[in-house]
Every structure is written in structure tokens, then in C-alpha cells.
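Okay, here's what each chain looks like letter by letter:
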Amino acid sequence: MESAHKAKTSRDETPTLELSGVMQLPENTNCLACSDDGRYLCLGHSGGLTVWRASSLNRVAGWLRDRLEITSIQMTSMSKTMYLLGTVDDMGVARVFGHHLDSIHLLCVINIMEDINKRSICLSFELFEGGNYGAASLSCGRAVWLEIYQFPSAAWLKELEMAQNPNSSEWSPVTVMIQIRPPKIPTEKAINGPPEASQPTDFLMHCLALDIIRSSSLRWEKPPFSTDEGKTKEMNESPRHCTQHFLLPCGPGDSKAEFQPGLLVAVAVWWSGSCNLLQYFLKKPSKSSPYVEPMPDLLWPNAKEILCSAVSKCTRYIALGLSDALVCVWDRRSGAPLSLVLMPEANRALFMVQFVDCCPVTDDDFQIFTAEKVHLLILCKSGAIHTVTTGRGTKPNTKQLSERPKDSKDLPTVTASVQFLQGMSLVMQRSGKMSIQDVINNTTVCFLTPPTTHLITTPHSPIYALNSKQQSLFIRGDQDTSYSATSEERNQSQLFVFRFAESDIFKQHVVSHPESTQQQQTLSYDTLEETCSFYLQKRLALSLYCMQTVLELHQTLAYVKVASCFSCVFM
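Residues numbered from 1 in each chain as written. Predicted model: local features only at pLDDT ≥ 70, side-chain atom pairs only at ≥ 80, totals over all residues. Heavy atoms only, no water.

1. Looking at the overall build of the chain
- The helix and strand inventory of the chain stands at 6 helices and 33 strands.
- Here the chain holds 571 residues, and 47% of them are scored as buried.
- By element, 53% of the accessible surface of the chain is carried by carbon and sulfur atoms, the whole surface being about 29,200 Å². (Helix = DSSP H or I, 4+ residues; strand = E, 2+ residues; numbered from the N terminus. Buried < 20%, exposed > 50% of the residue type's maximum accessible area, 1.4 Å probe, protein only. Areas by Shrake-Rupley, 256 points an atom, 1.4 Å probe, with all protein chains shown as cover.)

See below:
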């Protein structure tokens, strides 16, 4: 197959990137993921999982079990030779594996089924970069909760080095750092009494109570013309789901938590139907003290219900898509909103928000409050895509990247930030069309097309993975049934590889970022008073800078005026 550096040109002068490679996939490959160092590609499929080398697509290792269907997979590096894999199967069981050399070892099962009547189902499972932490959203009956884990990565590294038997079950146990459930209604005082501004705890409890009452009333709202109250109650008491984000040290109070530089300090959580973003500091649980239901350490209040969220790569900024077409960007360092954006009236329902490029790293503290600028990609439920550029003290600049599609086949199903291309996003549509969009300049950079004999598998939920280190896209494709093919060929899925680094199209767009988010240096403050003091200092510095600029401008104007008078006298 021809190299991908050859690019066709379509009628509208937008180039098309050709394939770099094709490889046959295992049966029913349901998910793909790349290791964060770019060396490996892992595949979840019927009967287990497989690890390939990302550069050559050669099989390196596998873990196989009968009657097992892996539906979700992740991979992160613990060291140069050892990797952690997280999976979820079709029965809702989450597992953690260790990959070392040519072997894959099952390290632990997150939700072991000890009692079939109390079986918990994993709704989502996420590994933190580096393999030190994980988060699982679990459900049992109508109960839903979030668990944050600390993995014994140092012990696992030693055990994997000494492991001889891939089926060994003697591994160091996982620690549950915190278990978070939907907040309960606090005391009657917190609901009825006015919040005390001088007492942060009272204010937090008051906000929680109001939020719980509001979300509960929405979920229990009685439909019109309903006569069966019991059925109505059961129908409307839908279980809540949560969304979580791992946070690095940055915001107020972070230094009170137990952490080491570069490791997690907190987790941000919001529940469906809620207006509040809750932050919990991560601490090692005490074995001696009894378990106490954790309360949020920080609360980020919002006027409207949260619909979607995203965190910048450095975790300093948190973007929230709210009801009534509002987007709020919180700055964890200052503890205040960076910007509040109202989206166009025609596209009020927000579906997804994401950061386009990485958080800038700077040693100049003065720029913290004067030069920050973030770029967001906003996907509406209507299918329209908008871009937002905003910052402190600047008017948000909103552009429409694509209009609401007239045909449902053109609805976007994936909008993924391409971290190795400055300001670029990968956009996929229900029709199977793929393109790279320049979000900042509002242009289509190129199209990506599979062979004419194949189609992208399940374009409404494509199976793909982006490799930032090797600057590649891996995506599953199936035989187009409209072309003549044998039954065996129809059942064989292909892995299509697009390598951006081989194309001249992207040379001017390629950027290099720090090796890891953990390497980025951030500032944190012990108390709210310290944060406010820091904020006021920067505001004062900015005011002095502005005053100095105005004085210099007046002096320049005065000099010009005097000079012009002299020129008139001597003319």
C-alpha cells in the first residue's frame, strides 16, 4: 500500500490523507487503546485482550478466556517495561492487568461477585496516567456510587519482575481511598437557615441541600394525567450517574491533602441533575478510625444544571456545559470563574464540551491573571459545533465550526482533540465521514477515507484510538456488503492506520507537549485567605501595570503635541 505522505486533492481543494497500513483484527474487536508512551496498541475482543506493537502491528502478548467479551480497555505505562491495563467486560466486571515483556497478568478484579444477590456492575472504569490511581463508577440495584483506588504500583513492579506464572493470583491488594455517593439532604438548619458567610461549612451544606431538593423534585416530577402514583414514582426515580475528573495540585487548599509532587491531589465529581461541582481531597484511609461518609471539601456552585464537563490537561481549568446554553470555565488556581459564555439561541442544548489545546505552562506568575487564554469545542445536541476562545478580562469569541446538519447521517458522533496537532480536532459523522478540523481558524484541514471496499465500523460509535507519540490514528473497518465478498471476508474486520507524521499536510501543525501532565509545575495555597491574597496581589500588579501604561501613553501624546507646536513655529 502506498505511503500516506501522498495526499489527494478533492474538488474543494481540501486534501485527503491516504492509509498508511491495514491489519486484520481479532474476532469482534470491541475497543482499542494506545499506551501513553505510544509503544503499544491494546485490543479488547471476544475471548480476552491482545497487545500489539504500535509501530509494526506485531502481536506481543495476549490474555484469553472463553465466553468473555471485553468492551472497554485502557493502557498506561508504570515503567519503561511494565504497563497497567484496565478493562470492563459485557457483564460489567472491571479488571486490572499488568503487562511485562511478553506476558499479561491479571492483578485484580475490581468488583468481585461474592453474593449474586448483591452483584455490583461497573458502569465506567478509568486509569490515571502512570498507573497509581483508578476510578470506577459502580451500581447495585438502584444504588450508584464512585470508588477511587490507589494501586500498589511499586509493589506490583517488583512482583511482575519476579513473576514466573502468568496465572498467579498472589498480588498486593488495591486500596479504596474514598467511596463517594450522591450527597444526602443535610440537617433542617442547613435547609431553612440562612447560610453564614463566615462559616464555609454552613454555606456548603446549604448549597448541597438546595441542590438535592431541586434535583429530587425534577426526578420525581409527576407526568400530566397520571393516576397511578406508585408506578409514576418508580418510573421517575431514575438512578443518578456521576462524572469524575482527576485533579493535580493547583487550587486552594490542595497542599492540605496528602500528596507527592506530580501525583493526584483530588477528584472533582458531579451528579446528573445537579448544579454543583464537588471536590474531594484524596487521603489514605485510616485503619483505626471507623468509616465516615465523606463530605465534599470544596463546592463549585453554578446557577444552572450541569450537562457536560471537561478538564484541561494541566487540570487547572474546568469547563462546565450548563442548561440554557451556558458554558462556565472555572480557574482552580484563583478559585473563581475564568469566563461565562452564552451560546447562540438556536443551539441551546449542549451535549459535549472539551479543551482543544493543552494548558500553557509558564513560570511568570504575572501572566497567571493577564494572559491566560483557553480554546473550547462545544457540541450541541442539534449537531452544530461551535468553538470558543476566552480568557480573563476578554470578551469570549464564539464561532460556528459547522451548522446543524440537515441530514441525520451528517450528525457528528466523535469530536476528539488531537493533542499532537495545534488546535486540531478529529470529527467523525454517522455517515462514516472523517475529517481533521482546525478549531481555532475554523477550517477543514483534510479528510480521512478508508478503502472504497470498506466502511467504518459502527460510525455512530466508532472503534478507534489516537496515538499522540507516533502521531497516528487506528480505527476499525468492516467489509462493505455492497461489494462482492465471501462470507469469511465479511466477518473479517480490518484495522486502518493513518500516520499524520508521514504527510506534508500536517508539518506546520505538529506541536510537542511535555512528556506527562505530572511534569507540569503548579501552585497551590493552604487557605482561601491565601488564595484571595494572591488574587488581590495580581490584580494590584495588573492595575499598576495599566496605570504605568496610561502614564507612558499620556507622556508620549504630550511629547507629540509639543513637537508638533515646535514644527509649526519653525515652518
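After presenting the structure, the write-up continues.
2. So, the environment of aspartate 324
- Residue placement: aspartate 324 occurs in the loop between strand S19 (317-322) and strand S20 (326-331).
- Looking at aspartate 324, the relative accessible area reads 37%, which means it is partly exposed.
- Excluding residues that lie within four positions of it along the chain, aspartate 324 makes contacts with Lys304, Leu342 and Arg348.
- A distance of 3.1 Å separates polar atoms of two side chains, one belonging to aspartate 324 and the other to lysine 304. (Contact = heavy atoms within 4.5 Å. Polar contact = N/O pair within 3.5 Å; in protein donor to acceptor, adjacent residues only side chain to side chain.)

3. Quick notes on the pairing of strand S28 (residues 434-438)
- Most of S28 is tucked away: 5 of the 5 residues are buried.
- Residues Met434, Ile436 and Asp438 line one face of S28 and the alternating positions Ser435 and Gln437 line the opposite face, and both faces are buried.
- Counted along the chain from strand S27 (residues 424-429) to the antiparallel partner S28, the turn is 4 residues long, and its residue glycine 432 has a positive phi close to 100 degrees.
- Bridge analysis of S28 against strand S29 (residues 443-448) gives 5 bridges, and the strand direction is antiparallel. By the bridge assignment for S29, aspartate 438 is matched with threonine 443.
- Between the end of S28 and the start of S29, which pair antiparallel, lie 4 residues, with asparagine 442 showing a positive phi angle near 60 degrees. (Pairing = 2+ DSSP bridges.)

4. Focus on unusual backbone geometry
- You will see that arginine 67, though not glycine, has its phi angle at about 55 degrees, which is positive.
- In this structure, asparagine 442 takes a positive phi of about 60 degrees despite not being glycine.
- Here asparagine 442 shows up in the loop between S28 and S29.

5. Comments concerning the environment of glycine 21
- Mapped onto the fold, glycine 21 is located in strand S3 (residues 21-24).
- Residue glycine 21 is classed as buried on the basis of its relative accessible area, which comes to 15%.
- In this structure the C-alpha to C-alpha distance between glycine 21 and phenylalanine 498, which are 477 residues apart in sequence, comes to 7.2 Å.

6. Topic: the sheet that holds strand S18 (residues 306-311)
- Taken in spatial order, the 4 strands line up as S18-S19-S20-S21 in an open sheet, and their pairing is antiparallel. Both edges of this open sheet fall to S18 and strand S21 (336-342), since each of them pairs with a single strand only. Within the sheet, the average angular offset between the axes of one strand and its neighbour, ignoring direction, is 20 degrees.
- Two strands pair when backbone bridges link them, and S18 and S19 are joined in this way by 5 bridges, in the antiparallel orientation. Across the sheet, the residue bridging to alanine 310 is alanine 319, located in S19. (Axes fitted to C-alpha atoms, helices over the stretch in contact; angles between N-to-C directions.)

7. Concerning the packing of aromatic side chains
- Considering all chains together, one arrives at 8 aromatic pairs under this definition.
- The interplanar angle of 75 degrees and the centroid separation of 5.5 Å between the aromatic rings of phenylalanine 128 and phenylalanine 246 together place this pair among those described as edge-to-face. Of this pair, phenylalanine 128 sits in the loop between strand S10 (121-127) and strand S11 (133-140) while phenylalanine 246 sits in strand S14 (residues 242-247), placing them 118 residues apart in sequence.
- Relative accessible area serves as the criterion here: at 8%, phenylalanine 128 is assigned to the buried category.
- Through pairs of rings, three or more aromatic residues link up here, namely Phe128, Tyr133 and Phe246. (Phe/Tyr/Trp six-rings, centres within 6.5 Å; stacked < 30°, edge-to-face > 60°.)

8. Examining the pattern of salt bridges
- As enumerated under the stated definition, the model contains 6 salt bridges in all.
- The closest approach of N and O atoms between aspartate 331 and arginine 316, which form a salt bridge, is 2.9 Å. One end of the pair, aspartate 331, is in strand S20; the other, arginine 316, is in the loop between S18 and S19, and 15 residues separate them in sequence. The residues aspartate 331 and arginine 316 share a single accessibility class, namely buried.
- For arginine 392, the salt bridge goes to aspartate 331, with nearest N and O atoms at 3.0 Å. Taken together, the positions of arginine 392 in the loop between strand S24 (385-391) and strand S25 (397-402) and aspartate 331 in strand S20 put the pair 61 residues apart, joining distant regions of the chain. Side by side, arginine 392 and aspartate 331 carry an identical accessibility label, which is buried.
- One salt-bridge network, in which partners are shared between bridges, spans Arg316, Asp331 and Arg392. (Salt bridge = Lys/Arg side-chain N within 4 Å of Asp/Glu carboxyl O.)

9. A word on the sheet that holds strand S22 (residues 350-355)
- Reading across from one edge, S22-S23-S24-S25 is the order of the 4 strands in this open sheet, with antiparallel pairing throughout. In the strand order of this sheet, the two ends are held by S22 and S25, each with one partner. Between one strand axis and the next, the sheet turns by 25 degrees as a mean value, whatever way the strands run.
- Of the strand pairs in this sheet, S24 and S25 are connected by 5 bridges, and their pairing is antiparallel. Within S25, the position partnered with isoleucine 385 by the bridge is serine 402.

10. With respect to the nonpolar core
- Leu146, Ile148, Ile180, Val267, Val269, Tyr280 and Leu282 are the most contacted members of the largest nonpolar core, which has 24 residues in total.
- Of all the secondary-structure elements, those providing two or more residues to this core are S11, strand S12 (143-150), strand S13 (175-180), helix H3 (200-219), S14, strand S15 (266-271) and strand S16 (277-281).
- By size, the runner-up hydrophobic cluster in this structure holds 23 residues, among which are Leu421, Met434, Phe496 and Ile505. (Core = buried A, V, L, I, M, F, W, Y, C linked by side-chain atoms within 4.5 Å.)

11. A short note on the pairing of S16
- Most of S16 sits inside the fold, with 5 of its 5 residues counted as buried.
- Of the strand pairs in this sheet, S15 and S16 are connected by 4 bridges, and their pairing is antiparallel. Its bridge partner lying in S16, valine 267 is registered against tyrosine 280.
- Count of turn residues in the S15/S16 antiparallel hairpin: 5 residues, of which glycine 273 carries a positive phi of about 90 degrees.
- Relative to strand S17 (residues 298-300), S16 runs antiparallel, the two sharing 3 bridges. In the sheet register, leucine 277 faces S17, and the bridge partner there is tryptophan 300.

12. What to know about helix H1 (residues 153-162)
- Along H1, the positions that sit buried rather than exposed are Ser153, Trp156 and Leu160. The buried residues of H1 occupy one face: seen down the axis, they fall within an arc of 55 degrees. Of the exposed residues in H1, the ones pointing more than 90 degrees away from its buried face are Lys158, Glu161 and Met162.
- Elements that come into contact with the buried residues of H1 comprise strand S7 (82-89), strand S8 (94-100) and strand S9 (103-109). (Arc of directions from axis to C-beta.)

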